[in-house]
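Structure assessment
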Amino acid sequence: KASTVAAHIASLSADASLARASLRALATALLPPTGERAALLDEHAFDLLEPLLSLAASATPRPAAREAHALLAGLATVVGPREGVVMLLGVLSAGAPPRSQLLVVAMLAAVLPRVRRRRHEMLSSTLEALSARYLARGAWPAADWDAAAEEETAAAEEAAAAEAEATTAVEEAAAAAAGAGAEREKEAVGAAEKEEVEAAVAGEALEAATRSDSGSGAALLALLARCAASVIPDGIPDGAGQSTSDERTADAAPTHAVLETFLEALVERAAREGLGVEAPCAALSRLRS
């Protein structure tokens, strides 16, 4: 199975129809991310990340984008947390396209809470990197992102319509050819469909988090607030009675300070850009309580 997965990964950068087939095969082999599937997805995370981001963020046909989002959501739940954070920050440092950056920040919100070893160091470096990239003076990229998104919309709609027609024809032909014996496989197919639905829901949630009717600035603001909020329950102890040998307890005070600084900068940026401050203010209030 590992060699088959590797072959399909290599096909993700091929033409649209081949990439679509490989995405379906990968989704079947790796989702939902439990047991052996989780181990396999983690093993191939580095090779999968960039092609999946490219397919999910580009003007790919809707079905292909849906499966790419589902695989990215699964990857975020199983990749080793420290390795995952480094890998995701590396994508940002490489100057990924706007949609890819939004997806990466959304994935960070899923990976960061799982960091345990040298937690404060990792959280601090991650929030500092995000702050420097998005919150420093002159760094806010949303206006440029929205302009680029408008130019891509028409092309995306045309590509989606063309691929939808081709996909429908292929699937109808496959359904007709597979008619015999379908009843015998009904139970197995039902279980597979349930797993596919669960994976698709996770992918849709990831995608939805990167979109906002108010533009990419509002989406980015909400995702940055989510990153900070995602580590508040684990990063801050509930009381003084926790064991002092717990590394998270030892990290709690500096982590609190780093989070507070980050969220204050986020509130300031939101106010300056005329965006809603509800999400960062809510996280800041929870942190301080």
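Since we're looking at a predicted model, the values are computed, not measured. (Residues numbered from 1 in each chain as written. Predicted model: local features only at pLDDT ≥ 70, side-chain atom pairs only at ≥ 80, totals over all residues. Heavy atoms only, no water.)

What about the overall build of the protein chain?
- The secondary structure content of the protein chain amounts to 14 helices and zero strands.
- When the elements of the protein chain are put in sequence order from the N terminus, they spell out α-α-α-α-α-α-α-α-α-α-α-α-α-α.
- Put simply, of all contacts in the protein chain between residues at least 6 apart along the chain, 74% involve residues at least 24 apart.
- About 14400 Å² of surface is accessible on the protein chain, with carbon and sulfur atoms providing 55% of the total. (Helix = DSSP H or I, 4+ residues; strand = E, 2+ residues; numbered from the N terminus. Contact = heavy atoms within 4.5 Å. Areas by Shrake-Rupley, 256 points an atom, 1.4 Å probe, with all protein chains shown as cover.)

With respect to the packing of helix H7 (residues 98-111) against helix H11 (residues 216-230)
- For the pair H7 and H11, the least separation of the axes is 8 Å and the interaxial angle reads 20°. By the angle between their axes, H7 is roughly parallel relative to H11. H11 is crossed by H7, and the crossing has left-handed handedness. Here H7 contributes Leu102, Val105, Ala106, Leu108 and Ala109 to the contact with H11, which in turn contributes Ser216, Ala219, Leu220, Leu223, Leu224, Arg226, Cys227 and Ser230. (Axes fitted to C-alpha atoms, helices over the stretch in contact; angles between N-to-C directions. Parallel < 35°, antiparallel > 145°, perpendicular 65-115°, else oblique. Left-handed = near helix turned anticlockwise from the far one by under 90°.)

As for the nonpolar core
- Ranked by internal contacts, the top residues of the largest apolar core, which has 80 residues, are Leu30, Leu48, Leu72, Leu130, Tyr134 and Leu224.
- Excluding residues within four positions of it along the chain, Leu30 makes contact with Val5, Arg37, Leu40, Leu41, Leu48 and Leu71. (Core = buried A, V, L, I, M, F, W, Y, C linked by side-chain atoms within 4.5 Å. Buried < 20%, exposed > 50% of the residue type's maximum accessible area, 1.4 Å probe, protein only.)

Quick notes on the pattern of salt bridges
- By the definition in use, this model includes eight salt bridges.
- Between Glu67 and Arg24 there is a salt bridge, with its nearest N and O atoms 2.9 Å apart. Taken together, the residues span a long stretch of sequence, with Glu67 in helix H5 (residues 62-78) and Arg24 in helix H2 (residues 16-30) at a distance of 43 residues.
- In this structure, Arg269 engages Glu273 in a salt bridge whose closest nitrogen and oxygen atoms are separated by 2.7 Å.
- Classification of Glu273 by relative accessible area gives partly exposed; the value is 35%.
- Beyond isolated ion pairs, a larger network of salt bridges with shared partners links Arg20, Arg24 and Glu67. (Salt bridge = Lys/Arg side-chain N within 4 Å of Asp/Glu carboxyl O.)

So, the confidence of the model for the protein chain
- Scored by pLDDT, the protein chain comes out at a mean of 82, with 75% of its residues at no less than 70.
- Between residues 184-189, whose pLDDT stays under 50, and residues either more than four places distant or in other chains, the model counts zero contacts.
- Between residues 234-246, whose pLDDT stays under 50, and residues either more than four places distant or in other chains, the model counts 16 contacts. (pLDDT = per-residue confidence, 0-100.)

Focus on the packing of aromatic side chains
- Counted according to the given criterion, the structure contains one aromatic pair.
- Seen from their ring centres, Tyr134 and Trp145 are 6.2 Å apart, and the 80° between their planes marks the pair as edge-to-face. Taken together, the positions of Tyr134 in helix H8 (residues 119-135) and Trp145 in helix H9 (residues 142-177) put the pair 11 residues apart, joining distant regions of the chain. (Phe/Tyr/Trp six-rings, centres within 6.5 Å; stacked < 30°, edge-to-face > 60°.)

Some words on the side chain of Arg269
- Relative to the helices and strands, Arg269 resides in helix H13 (residues 247-272).
- Once residues lying within four places of it in the same chain are set aside, the contact partners of Arg269 are Tyr134, Leu135, Ala136, Arg137, Gly138, Ala139 and Trp140.

So, the environment of Val5
- Among the structural elements, Val5 can be located in helix H1 (residues 2-10).
- Spatially, the C-alpha atoms of Val5 and Ser22 are 8.8 Å apart, while their sequence positions differ by 17 residues.
- Those residues within four positions of Val5 in sequence are excluded, and the remaining contacts are Leu26, Ala29, Leu30, Leu40 and His44.

Side note on unusual backbone geometry
- In this structure, the amide linkage connecting Leu31 to the following residue, Pro32, adopts the cis form with an omega of -5°.
- Mapping Pro32 onto the fold places it in the loop between H2 and helix H3 (35-43).
- Positive phi is not limited to glycine here, since Arg118 has a value of about 50°.
- By the element assignment, Arg118 lies in the loop between H7 and H8.

Topic: the environment of Leu89
- By the secondary structure assignment, Leu89 is in helix H6 (residues 81-93).
- For the pair Leu89 and Val105, spaced 16 residues apart in sequence, the C-alpha to C-alpha distance is 8.8 Å.
- If we ignore the near neighbours within four places in the chain, the residues touching Leu89 are Leu108, Thr126 and Ala129.

Considerations on the side chain of His44
- Relative to the helices and strands, His44 resides in the loop between H3 and helix H4 (45-57).
- Owing to a relative accessible area of 8%, His44 belongs among the buried residues under this scheme.
- Filtering out sequence-adjacent residues up to four positions away, His44 remains in contact with Ala2, Val5, Ala6 and Ile9.

Considering the packing of H4 against H6
- At their nearest, the axes of H4 and H6 sit 11 Å apart, and the two run at 35° to each other. The crossing of H4 and H6 is right-handed. Here Ala45, Phe46, Leu49, Glu50 and Leu53 of H4 lie close against H6, whose contacting residues are Met87, Leu88 and Val91.
- In the contact of H4 with H6, the residues fall into seven nonpolar, no polar and one charged. (Nonpolar A, V, L, I, M, F, W, Y, C, P; charged D, E, K, R; others polar.)

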